[in-house]
Every structure is written in C-alpha cells, then in structure tokens.
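Residues per chain are reported as follows:
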Amino acid sequence: MRLDHRLVLIACVSACAPMLPDAPPVPARAATAPVTSAPAAPTVTTQERPYSTDAAGFEGWKQGFLDRKGGSRRALYAQQLDGLSPDPDVIRLDRNQPEFSRPAGAYIGNAISAGRIAEGRRRLTAVPADVPQRYGVPAEVLVAIWALESSFGQVQGSNDVIRSLATLAYDGRRRDWAEDQLKNALDIVIDGRRDRAGLLGSWAGAMGQTQFMPDNYLRLGVDQNGDGKVDIWGTDADALASAANLLAQAGWKRGQRWGYEVTLPSGFDYALAEADGQPWSFWAQRGVRLADGGQPASGEAGEAGVILLPQGARGPAFLALPNHYVIRRYNNSVSYALAIGLMADGVAGRPGLVGTWPDDGPLSREQRFGAQTALARMGYDVGGIDGVIGSGTRRALRAWQMANGRTPDGYLTPALADELMRGL
C-alpha cells in the first residue's frame, strides 16, 4: 500500500505548479467582475511553439539572462550555469500537467485514498502544536498539503532545480517568471542557504517536503526548530510551518473551511457557476443545499461563495469559500485545491463525497489546443491558447454553450472537444 502511494505521488510532485507571492484570487460580489483566478504563471496568447534543445540557442539565452539578471553577481551566476544544458523532459511535463488534462474525479481519486487519509491522521502529531494557533491554518490542511506535495516527505523530486528553471526560461512560455525564480535559486546557493547538490525538487522548480518555489522559500520559509536554517527538505517542522506561513500570508481565513459539497436543484441556472461569489443566503434561496444537510458556519455564511462544477453538471458540485482560493496559491488548479480540501476533510473525520464522479476520459494535447483554437476563432476569449483548460477556457466554453442551447456548465469533455474541432 505504501509503495503504491509513493508511485501515485511521483506524478503529483512532478506536476507541482509554482506558488505565487501576490494576493490570492478571491471570489467577487455580484456588483464586481466575475471570479477569475490568477494563472500559476503567465501564459502565451498564441499556439505553442516547438521546443528546441539547440545548444547555441540555449547559450544565447544564458548570456541574455546574465545581462538581464546578473548585476553584481554576474560572474557567480555564470559559474553556477557553466556546462548546463536544457532538459527536454521538463518541457514535456510542463505541457501535460495532469491537473489540467485529466478529469477532476480521476485526479482526485489518484491523490486521495482511505490509506492516505489514515496515514494523514497518524501524521497530525508531526505538526508543531503552536503552528495552527500562530498562523490560523488547521493541522489537517497542512497534513493534506504535505501528503499531496511529497507523500509526507518521501517523494520530493530529484531534479536539479537550477537546470529545470533554466530550461523553462529558455523555452520561453513563462520566461519572465522562470528567470525570476532562477535568480532566486542561484541566490539560495550563492548565499549558502543550500548546497547546489542538495537544491533538488520537481521539474517546475518546487522544492522540499511542501514544494516551495525559490522566491517563497526566501520570503516565507520558517526556521521552526530554531537551528538557524530553513530546512524544508529534511526538517518536518520547518516544512509545515513554512506552508502555514505561506497560506496565512496569502489570506487564509482563520476558523473557516475551504468549502462544502452541495446539491443543486432541478432547473438550476448553470450560468451562475464559477461566476460572481455570493453569500449563502443567495444560494439557499435558489435551492442549493449542503450535501450533508447542515449549514455553513455563521462566519462562512456571509462570505462570497462560488459554485464549482469541476466535472460539469453530471458530477459533484461544490461551494468554494475564500480559503479554496488560498489553497490555489500552491497550484492554481481546481482539481488540486479540491484534492487538498477533501483530503483535509478526511483527515479531520468529516464524511466523504455524496456525489459520484463521471467516468470521463482525459483530454489529449490535440483536444486541449484544438478546442481552445476553435473557441478563439469563433470569437470566444479563452485567455490564451496554451493547452491549459483553466478558468478562461471554461468561461469561453460556457458562453459558447449558452449561445448554442447547451447546459452551460463550462466542462470540456473529449467528445465536446472533438465537436468543436470539427468546426475548424
């Protein structure tokens, strides 16, 4: 059982997306703009360009990076980058992240199991007693992040972080972001915070037991055990306290949950899903009910809650509260944030899902790019043709569905992608 968990987490760790330093996306009220969540990193607005490992091209990028970012440390950066080559596996993984290509139910089913929840309960004692009180983040949420990010520290990634970030910067899809992260990673080594040989992580450059990006390691890492260094690789307490600090700084609302599973009434207006955040009274008046029959806590009832349909009208529905969007500071994916929330609920002993996930297949790369291209050519703004089925694509698809008499749930199935592509 434990070996199976580790194998599953290899995929989860390898797909870890960057953590962002700015304010988290927060659901909007009715009088403001619709809810949109900031992308995990900037996306291009044109079709993906072919990836090249041309040595001369990489060397040209490297010299440009040193000119742009080196400053007084140019020689030191050049020394760390000497002899480096791009890693084609990094680009392959970057363009096939499972959070955005696999159905939510399949992703969550792989991430959570009864065995992992039981292990999470046993690991609660590893969370320093003062951390939830100091930062306001429940221990079960920290344990869920620990579980999904590294299988409780067992699968942290073995990529050279500097090489991974240099590859992403050279590729150019997220160049500005990757170059900033690369500079921070180089500073970690040059300042003696971590040896180069030990600066290992995921293909995306995320590091340690709770998978921090270099900028957040420098800004938000916590020396919980007081030994004079922030060791998110080998010290459980440092990793968990650092994660709590990140979530607290991102706006975690103390005493509130991430959200709830809900049931929707017959005739529900699906155009309201993933739109303006509304208080619980708004949703209750429209027949929305908590799946367990209870009520949100008093502090949660007034929050701007958003209805999420991660697998469309046929799958489970959720009321996402602000803390759901704070979780997306780790990975700006609905599937990822739901997996963290549901794992935390299980660790805390709350009931599992009432609804069942449809058995939909994954979207191929061609289907993701093809559907985005088709929607864009028909005049629907997908926010960039990048193969990532995020909020922009779902919003565009919902508008197309409304215009064509379909249930506007914003969910792209393989069959619907093929239908859209036939119109190209």
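Notes on the structure in this doc start here. None of the values given here were measured: they were computed from a predicted structure.

### Some thoughts on the overall build of the chain
Helix and strand content of the chain: 20 helices and six strands. Here the chain holds 424 residues, and the buried ones make up 57% of them. Considering only intrachain contacts with a sequence separation of at least 6, the fraction spanning at least 24 residues in the chain is 72%. Summing over all exposed atoms, the chain offers an accessible surface of approximately 16700 Å²; the carbon and sulfur share of this is 51%.

### Topic: the packing of aromatic side chains
Tallying each qualifying case throughout the model produces twelve aromatic pairs. Ring centres of Trp61 and Phe65 lie 5.5 Å apart, and the angle between their planes is 25 degrees; this geometry places the pair in the stacked category. In this pair, Trp61 and Phe65 are both assigned in helix H2 (residues 55–69), four residues apart and thus about one turn of the helix distant. Of the residues examined, Trp61 reaches a relative accessible area of 6% and is grouped as buried. For Phe65, a relative accessible area of 0% corresponds to the buried category. Among the aromatic side chains, those forming a connected cluster through ring pairs are Phe58, Trp61, Phe65, Tyr77 and Tyr170. Positioned over the ring face of Trp146 is Arg123, at 5.5 Å from the centre of the ring. For Arg194, the ring lying beneath its charged end belongs to Trp233, and the centroid distance is 4.0 Å.

### A few points about the sheet that holds strand S3 (residues 259–263)
The strand order S4-S3-S6-S5 describes an open sheet built from four strands, whose pairing is antiparallel. With partners counted over all chains shown, the strands left at the sheet margins are strand S4 (289–290) and strand S5 (306–308), one partner each. Inspection of the sheet shows S3 paired to strand S6 (residues 317–320) by four bridges, in the antiparallel sense. Within S6, the residue paired with Glu261 across the bridge is Phe318.

### Remarks on the nonpolar core
Ranked by internal contacts, the top residues of the largest apolar core, which has 83 residues, are Leu142, Ile162, Leu199 and Leu247. Of all the elements, helix H17 (residues 334–347) adds the most residues to this core, at ten residues. In this view, Leu142 contacts Val127, Val131, Val137, Leu240, Ala243, Ala244 and Leu247; residues no more than four positions away in its chain are not counted. Formed by 16 residues, the second largest nonpolar core is a distinct cluster that contains Phe369, Ala371, Ala374 and Ile385.

### As for the side chain of Glu149
In this fold, Glu149 is placed in helix H9 (residues 139–150). No salt bridge forms around the buried Glu149; measuring N to O, its nearest opposite-charge neighbour Arg116 is 12 Å away.

### Overview of the environment of Ala417
Mapped onto the fold, Ala417 is located in helix H20 (residues 414–422). On the basis of relative accessibility, which here comes to 0%, the residue Ala417 falls in the buried class. Sequence separation of Ala417 and Glu366 is 51 residues, and the distance between their C-alpha atoms is 9.3 Å. Not counting residues within four places of it along the chain, the set of residues in contact with Ala417 comprises Leu363, Gln367, Ala371 and Leu412.

### Looking at H2
Helix length check: H2 (15 residues) gives 21 Å between terminal C-alpha atoms against 21 Å at 1.5 Å per residue, within 8%. Taken residue by residue, H2 has Phe58, Trp61, Lys62, Gly64, Phe65 and Leu66 as its buried positions. In the segment just after H2, Gly71 is the residue with positive phi, at about 55 degrees.

### Remarks on the packing of helix H7 (residues 114–123) against H17
For the pair H7 and H17, interaxial distance at closest approach is 8 Å and the crossing angle is 65 degrees. When you trace H7 past H17, the crossing you get is right-handed. Of the residues in H17, those in contact with Arg116, Ile117, Gly120 and Arg121 of H7 are Met343, Gly346 and Val347. Per-class residue counts for the contact of H7 with H17 are three nonpolar, two polar and two charged.

Rules used in this analysis
Residues numbered from 1 in each chain as written. Predicted model: local features only at pLDDT ≥ 70, side-chain atom pairs only at ≥ 80, totals over all residues. Heavy atoms only, no water. Helix = DSSP H or I, 4+ residues; strand = E, 2+ residues; numbered from the N terminus. Buried < 20%, exposed > 50% of the residue type's maximum accessible area, 1.4 Å probe, protein only. Contact = heavy atoms within 4.5 Å. Areas by Shrake-Rupley, 256 points an atom, 1.4 Å probe, with all protein chains shown as cover. Phe/Tyr/Trp six-rings, centres within 6.5 Å; stacked < 30°, edge-to-face > 60°. Lys NZ or Arg CZ within 6 Å of the ring centre and 35° of its normal. Pairing = 2+ DSSP bridges. Core = buried A, V, L, I, M, F, W, Y, C linked by side-chain atoms within 4.5 Å. Lys, Arg positive; Asp, Glu negative; His and termini not counted. Salt bridge = Lys/Arg side-chain N within 4 Å of Asp/Glu carboxyl O. Expected span 1.5 Å × (residues − 1). Axes fitted to C-alpha atoms, helices over the stretch in contact; angles between N-to-C directions. Left-handed = near helix turned anticlockwise from the far one by under 90°. Nonpolar A, V, L, I, M, F, W, Y, C, P; charged D, E, K, R; others polar.

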